[in-house]
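Summary of structural features
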Amino acid sequence: MNRSSFGLFLTVGTVVALAGCASGGGGGGGGSEEEGFPPRENDDTRSAELFLTQAETLGDPSRFQNALDAAMAAIMDDSTNSLGYYQAGRAQVGLGDHVAADTLFETATELYPAYEQDVRIQRETAWIALFNSAIGPLDTGDSDEGIRFLEAAEVIFPGQRPEALINLAVTYNQVGRTDDAIDAFGAALAIIRGPRMEEADSVTAASWAESEMNVSFNRAMLLSQQERYDEAIGEYERFLEGNPGDVAALSSLASVLSEAGMADSAQAIYDNLLTGAAELGMRELFNIGVGLYGAASSASEPDAARELYGRAAEAFREVAEVAPENRDAVFNLAQSLYEAGNWDELIPVARGLLELDGYNPDSYTILAQGLVETEQSQEAVEILQTREGLAFQIEDSSLAPRTAGGGTVSGQLVNNTLDPGTVVTIRVHFNGEDGAEIGAIDIRVTAPAQGAAELFRADLTSDESVLGYYYEVVSPV
């Protein structure tokens with residue numbers, strides 16, 4: 001079964017704009033009542049403020065250490081002077097010690113609650129700077145450095161904005177830290193669904209709301225991968241409470257129910273979805289087919305399994321009729337018909353598959369079996385002979401579409417009889433949900449030693465959403 005990656009996994013975020021300016025000076029922040037220990041200026045705090053201004057306006061980071069020394073002197077002179085802690089926190093942000101800055105800011109607001117707004121501005125300003133600093137390393141593949149910046153952002157401004165957490169989750173997943181990714185996605189959802197949404201401006205709130213589905217689905221996908229099925233089901237059900245009837249969520253829920261061994265519940269959802277197939281998009285139909293195939297694979301009764309394979313074929317057929325050059329849809333349709341034992345329907349589909357995937361030995365095997373089952377043994381032998389005579393094979397090809405458009409097809413070329421070093425040119429065609437071609441990429445693969453495999457990758461940059469692909473061998477032919 002070819003499960004092309006039609007999930008919703010997010011990509012690294014973009015630069016965040018600063019909506020307001022941090023307040024300067026050592027004045028109090030937001031309240032008129034002098035509760036606690038109000039800031040008190042002296043020679044040390046005046047020096048600290050001067051050094052902070054120089055560091056921030058002149059770009060001289062050494063002045064942050066001068067500011068810290070002066071602020072700490074003020075604290076040593078009077079441990080209740082909230083201004084010293086506030087200035088020391090700002091200096092530690094400049095020096096990159098965000099754990100210390102967090103503690104100092106906490107102490108400043110404990111001593112003088114009216115500092116809360118000033119401290120919040122300082123924290124969010126630092127968060128934005130750290131978030132934006134993470135983008136470059138993440139774009140160049142330096143995950144460790146990107147994670148360091150994003151984790152620091154959550155230290156200095158924890159649980160207030162979801163963007164860093166979402167990017168942390170994506171990056172954690174990329175480096176194999178799946179449980180950490182699940183937790184980060186969960187923390188992001190807690191913000192999106194919590195009281196912070198009421199406090200955000202309308203543009204920010206709309207952006208957060210728009211990301212909820214992707215974050216929720218990605219978290220559920222990872223929970224399912226970790227076989228934490230009850231939690232994954234709960235995540236989809238939580239999303240459906242606010243978005244009843246969402247096709248993608250229902251399809252994904254059914255898929256997890258199937259993986260969790262609740263095939264009857266999954267089939268009921270799929271049956272309801274297929275009843276309204278005319279209203280479904282190609283991506284939803286494809287995912288329904290994958291889910292039904294998975295439910296069939298886990299069915300305990302052969303008759304029930306065949307029926308589910310037949311329903312999977314219905315979904316894939318809908319996609320293939322709209323996009324006949326979608327290799328994955330045609331391959332999955334052929335495989336579903338194969339498992340269902342629908343041999344007469346299989347043969348024309350399998351012949352079409354050879355046009356899209358003619359160097360994959362599985363394509364020949366599927367057609368040959370259909371010919372044998374329909375008493376066309378002579379042609380079946382010829383098909384198998386053709387398979388055995390392939391000079392090379394293309395195996396494990398798969399599509400990874402990107403949420404923003406475009407995508408990547410990867411696979412491997414296995415050399416059977418070519419001279420090592422022979423260059424094979426493969427043209428990969430990408431198509432959209434309407435079946436129309438979006439673009440094509442030519443890649444040149446150098447044949448390895450006979451019996452060995454060489455990986456290949458074709459990447460298409462496009463603003464259009466990719467649903468499928470097929471390939472043709474340009475040379476040698």
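A brief structural summary. In this text the structure is predicted, and so the values were computed from the model without any measurement. (Residues numbered from 1 in each chain as written. Predicted model: local features only at pLDDT ≥ 70, side-chain atom pairs only at ≥ 80, totals over all residues. Heavy atoms only, no water.)

1. Examining the sheet that holds strand 1 (residues 392-401)
Reading across the sheet, the three strands line up as 1-2-5 and stay open at both edges, with antiparallel pairing between neighbours. The sheet is open, and its two borders are formed by strand 1 and strand 5 (453-460), each paired with just one other strand. Strand-to-strand, the axes of this sheet are offset by a mean angle of 15°, without reference to chain direction. (Pairing = 2+ DSSP bridges. Helix = DSSP H or I, 4+ residues; strand = E, 2+ residues; numbered from the N terminus. Axes fitted to C-alpha atoms, helices over the stretch in contact; angles between N-to-C directions.)

2. Side note on the sheet that holds strand 3 (residues 423-431)
Strand order in this open sheet of three strands is 4-3-6, and the pairing throughout is antiparallel. Lying at the two open borders of the sheet, with one neighbouring strand each, are strand 4 (437-446) and strand 6 (468-475). Neighbour-to-neighbour, the strand axes of this sheet turn through a mean angle of 25°, independent of strand direction. Here strand 3 pairs with strand 6 via seven bridges, running antiparallel. Within the sheet, the bridge partner assigned to H429 lies in strand 6 and is Y470.

3. What about the packing of aromatic side chains?
Scanning the entire structure with this criterion turns up ten aromatic pairs. Here Y293 and Y309 contribute two aromatic rings whose centre-to-centre distance is 5.0 Å and whose plane-to-plane angle is 65°, an arrangement assigned as edge-to-face. Within this pair, whereas Y293 is found in helix 14 (residues 282-297), its partner Y309 is found in helix 15 (residues 302-322), the two being separated by 16 residues in sequence. Accessibility assignment for this pair places Y293 and Y309 in one class, buried. With 4.6 Å between their ring centres and 5° between their planes, Y359 and F392 make a pair best called stacked. (Phe/Tyr/Trp six-rings, centres within 6.5 Å; stacked < 30°, edge-to-face > 60°. Buried < 20%, exposed > 50% of the residue type's maximum accessible area, 1.4 Å probe, protein only.)

4. Observations concerning the packing of helix 4 (residues 98-111) against helix 5 (residues 116-139)
Where helix 4 meets helix 5, the closest approach of the two axes is 9 Å, and the angle between their N-to-C directions is 165°. Between helix 4 and helix 5, the crossing angle belongs to the class labelled roughly antiparallel. Note on packing geometry: the crossing formed by helix 4 with helix 5 is left-handed. Facing H98, D102, F105, E106 and T109 of helix 4, the residues of helix 5 in contact are E116, V119, Q122, R123 and L130. (Parallel < 35°, antiparallel > 145°, perpendicular 65-115°, else oblique. Left-handed = near helix turned anticlockwise from the far one by under 90°. Contact = heavy atoms within 4.5 Å.)

5. Quick word on the side chain of N326
Secondary-structure assignment places N326 in the loop between helix 15 and helix 16 (327-340). Here D328 takes part through its backbone nitrogen, which lies 3.2 Å from a polar atom of the side chain of N326. Setting aside its immediate chain neighbours within four residues, N326 contacts V319, L356, N431, L467, G468 and Y469. (Polar contact = N/O pair within 3.5 Å; in protein donor to acceptor, adjacent residues only side chain to side chain.)

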